[in-house]
Amino acid sequence: MRDIFVDMQAKVGCRYISDLPCMKRAVWFELRRMPLSDYGMEELEDFSRYVFGVRFSILKEVMERIETGESQIIIGTHALIQEKVNYRNLGLVITDEQHRFGVRQREALAKKGNMPHILVMSATPIPRTLAIIIYGDLDLSVIDELPKDRLPIKNCVVDTGYRETAYRFMKKQVEEGRQCYVICPMVEESEAMEAENVIDYSTMLSERMGPEVTVGYLHGKMKQAQKDEIMEKFAQNQIQILVSTTVVEVGINVPNATVMMVENAERFGLAQLHQLRGRVGRGKYQSYCIFMTGSHDEETKKRLDILNKSNDGFKIADEDLKLRGPGDIFGVRQSGDLEFKLADIFTDAKVLQTVSGEVNRLLAEDPELTLESHRELKRRLDQYLEKSYDKLNL
């Protein structure tokens, strides 16, 4: 919070905050003390438990209130970026789960105000974000402590021969009063892809577990009312095992759930698997994550082993960076190699961080680069940015 308050004293503050699971939403709640004219954030239900006396709005009903400034806190999804949504005096933009927003979407929201303060939060820094942090476009704050009474998640990467053992383990957890997630990459069976699907899997697992264990399923094609009903039953332990697609990746908090089993884990990215793992380990009980894979590819095994050995989101992102590349800072790609003439993003990381510090010092001394000694630098920078300026993610 000290870092953010210092940022807010500056003309423009840009900060990235992570990791999972760390209760980063508490940062939102603390910011209620600040005199903000507009406050961008999601999770109205959770936030409203902490903040009182402030007018809240649901986007569809309050276009006029947003434009006039009557609504002081606006909560929404990508809908907040629509061209028809106008803000009276947007002072702070908070993007949670920032990896779900594209480069231009985040840029478009920032442009809704006159250089508003920007706070982006995510449980896992994706490679492109990690690259930006190295170059100094964002200040970084890391929450690397678990909430009180939480235990580190125990992980294992196994092949399909372990499935029956996994089922017995889940049933034992249920008998102890706990709950489980099973993630499948598909909703229904498909001829185009050989992978587990939610519909068939939930039927099979229900038969396998017996009548004493209630198995439910969840996927994105269901109506919102159906999804809400299923999640409420799971939250109340009326459903003991929930078979789902990745719709449970974020925003789900069931402290009693202690097992996350991911089928066809090779089909998911490291960041997404880390997010899914974050659905467990949210209570006082020991939690477990089982990455089930049918692939015998050595690269796949190497990639999943990163998750097996670490719960550290930044370490995972760093390894993912080496595997996928950091992306194009001036473009819209989320992966791929940066086109450096001299430096290497991996071996020269410390040098790049030093350069970033020197750039900050130079800009503090001569922000407009008007000094004679900086004239050539400014000329070359202007020339370079001329082709890419409209894509800069600032």
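Please refer to the structure higher up on the page.
Residues numbered from 1 in each chain as written. Predicted model: local features only at pLDDT ≥ 70, side-chain atom pairs only at ≥ 80, totals over all residues. Heavy atoms only, no water.

Caption draft 1: Region of the structure containing the overall build of the chain. A count of helices and strands for the chain gives 14 helices and 13 strands. Per-residue burial for the chain yields a buried fraction of 48% across its 394 residues. Taking contacts inside the chain between residues at least 6 apart in sequence as the whole, the part at least 24 apart equals 72%. Summed over its atoms, the accessible surface of the chain is roughly 21,200 Å², and 49% of this surface lies on carbon and sulfur atoms. (Helix = DSSP H or I, 4+ residues; strand = E, 2+ residues; numbered from the N terminus. Buried < 20%, exposed > 50% of the residue type's maximum accessible area, 1.4 Å probe, protein only. Contact = heavy atoms within 4.5 Å. Areas by Shrake-Rupley, 256 points an atom, 1.4 Å probe, with all protein chains shown as cover.)

Caption draft 2: Representation of the nonpolar core within the structure. Counting 28 residues, the largest nonpolar core has Tyr181, Phe234, Leu242, Val248, Met260, Val262 and Leu273 as its most contacted members. When residues of this core are traced back to their parent elements, those giving at least two are strand E9 (179–183), helix H9 (224–235), strand E12 (257–262), helix H10 (270–277), strand E13 (288–293) and helix H11 (298–309). Here Val262 is in contact with Ile183, Phe268, Leu273, Leu276, Ile290, Phe291 and Met292, once residues within four sequence places are set aside. Counting residues in hydrophobic clusters, the runner-up holds 20 residues, among them Cys180, Val243, Ile290 and Met292. (Core = buried A, V, L, I, M, F, W, Y, C linked by side-chain atoms within 4.5 Å.)

Caption draft 3: Seen up close, the side chain of Thr245. As for its position among the elements, Thr245 is in the loop between strand E11 (241–244) and E12. In contact with Thr245, not counting residues within four places along its chain, are Ile183, Cys184, Met186, Val187, Val198, Leu218, His219 and Gly220.

Caption draft 4: Representation of the sheet that holds E9 in the model. Spatially, the 6 strands line up as an open sheet ordered E8-E13-E12-E9-E11-E10, and their pairing is parallel. Two strands in the sheet have a free side with no partner beyond their single neighbour: strand E8 (154–159) and strand E10 (215–218). Direction aside, neighbouring strands of the sheet carry axes that sit 20° apart on average. When E12 meets E13, the two strands line up parallel, connected through 4 bridges. By the bridge assignment, Met260 is partnered in E13 with Cys289. Along the sheet, helix H7 (residues 163–175) contacts E8, E9, E11, E12 and E13; its crossing angle with E12, the most-contacted strand, is approximately 165°. H9 rests against E9, E10, E11 and E12 of the sheet, and its axis sits at about 140° to E10. (Pairing = 2+ DSSP bridges. Axes fitted to C-alpha atoms, helices over the stretch in contact; angles between N-to-C directions.)

Caption draft 5: Up close: the side chain of Arg150. Within the fold, Arg150 resides in the loop between strand E7 (139–142) and E8. For Arg150, the side chain forms a polar contact with the main-chain oxygen of Arg282, separated by 3.5 Å. (Polar contact = N/O pair within 3.5 Å; in protein donor to acceptor, adjacent residues only side chain to side chain.)

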